[in-house]
Amino acid sequence: MSDFVKVENVFVNQSIQSREEALRFICEKGAELGVVTDVEAAYDAFVAREEMGETGMTDGFAVPHAKSAAISEAAVIVIKNDHPLEWPSFDDKPVDVMIALLVPDSEAGTTHIRLLSKTAVLLMRDEFKNLVRGTDDPQAIADAVNAGIAEE
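Where an unreviewed UniProt entry is consulted, the protein chain appears under the name PTS sugar transporter subunit IIA, with the organism given as Olsenella profusa.

The following block contains the structure:
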């Protein structure tokens, strides 16, 4: 799992204008990467999850996630926006870094839970958040996420 997040899954300096646009961007990029088979169905799954409660964590990070039959294989897509977006979050602050988890329905109870818990642990680490904030190098960001996901 050490190269689970590929450099082409990391998008820096984006100019996304809303949470909805971010979710659509995630699904469209997922289709381009070959892990989303139906952009609309995947988008609907992300929106349905957002309606259940905030995916905005703290310090400008969000972890939007969806499980859907429209997702063919598990993937992580990272977006670093050039400005914060309104996004319901635990600390009521806007979000400018999104770590999106895309999971097939068939892996909902396994991969989904593991990715979610490992990502949550990463976001408790100041060194991880500082690294992501301090670089626009997609490879460095991918490597940092991979290192956190691979830990036992």
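Asks: Quick question: what am I supposed to make of the overall build of the protein chain here?
Replies: For the protein chain, the helix and strand inventory stands at five helices and five strands. Its helices and strands taken in sequence order, the protein chain reads β-α-α-β-β-β-β-α-α-α from the N to the C terminus. Radius of gyration (C-alpha) of the protein chain: 14 Å, near the 15 Å computed for a compact globule of 152 residues. The dimensions of the protein chain, computed from C-alpha atoms along their principal axes, are 35 × 35 × 25 Å. A burial count over the protein chain gives 49% of its 152 residues as buried. Long-range pairs, those at least 24 residues apart, make up 72% of the contacts in the protein chain between residues at least 6 apart in sequence. Side chains of the protein chain carry 13 positive and 28 negative charges; the gap between the two charge centres is 4 Å.

Asks: Which parts of the structure should I look at to understand the packing of aromatic side chains?
Replies: Geometry of an aromatic ring pair is reported as the spacing of the ring centres plus the angle between the planes. In the structure shown here, the tally under the stated rule is one aromatic pair. Relative to phenylalanine 25, the ring of phenylalanine 11 has its centre 5.3 Å away and its plane inclined at 90°; by these criteria the two rings are edge-to-face. Taken as a pair, phenylalanine 11 in strand S1 (residues 10-14) and phenylalanine 25 in helix H1 (residues 19-32) lie far apart in primary sequence, 14 residues in all. Each member of the pair, phenylalanine 11 together with phenylalanine 25, is buried. A cation sits over an aromatic face here: arginine 24 above tyrosine 43, 3.9 Å from the ring centre.

Asks: Teacher, can you tell me more about the pairing of S1 here?
Replies: Burial analysis of S1 places four of its five residues in the buried class, which makes it a mostly covered element. Two strands pair when backbone bridges link them, and S1 and strand S4 (residues 75-85) are joined in this way by three bridges, in the parallel orientation. Opposite glutamine 14, over in S4, you have asparagine 81 as the bridge partner.

Here is what the cut-offs are and how they apply
Residues numbered from 1 in each chain as written. Predicted model: local features only at pLDDT ≥ 70, side-chain atom pairs only at ≥ 80, totals over all residues. Heavy atoms only, no water. Helix = DSSP H or I, 4+ residues; strand = E, 2+ residues; numbered from the N terminus. Rg over C-alpha atoms; globule rule 2.2 N^0.38 Å. Buried < 20%, exposed > 50% of the residue type's maximum accessible area, 1.4 Å probe, protein only. Contact = heavy atoms within 4.5 Å. Lys, Arg positive; Asp, Glu negative; His and termini not counted. Charge placed at Lys NZ, Arg CZ, Asp CG, Glu CD. Phe/Tyr/Trp six-rings, centres within 6.5 Å; stacked < 30°, edge-to-face > 60°. Lys NZ or Arg CZ within 6 Å of the ring centre and 35° of its normal. Pairing = 2+ DSSP bridges.

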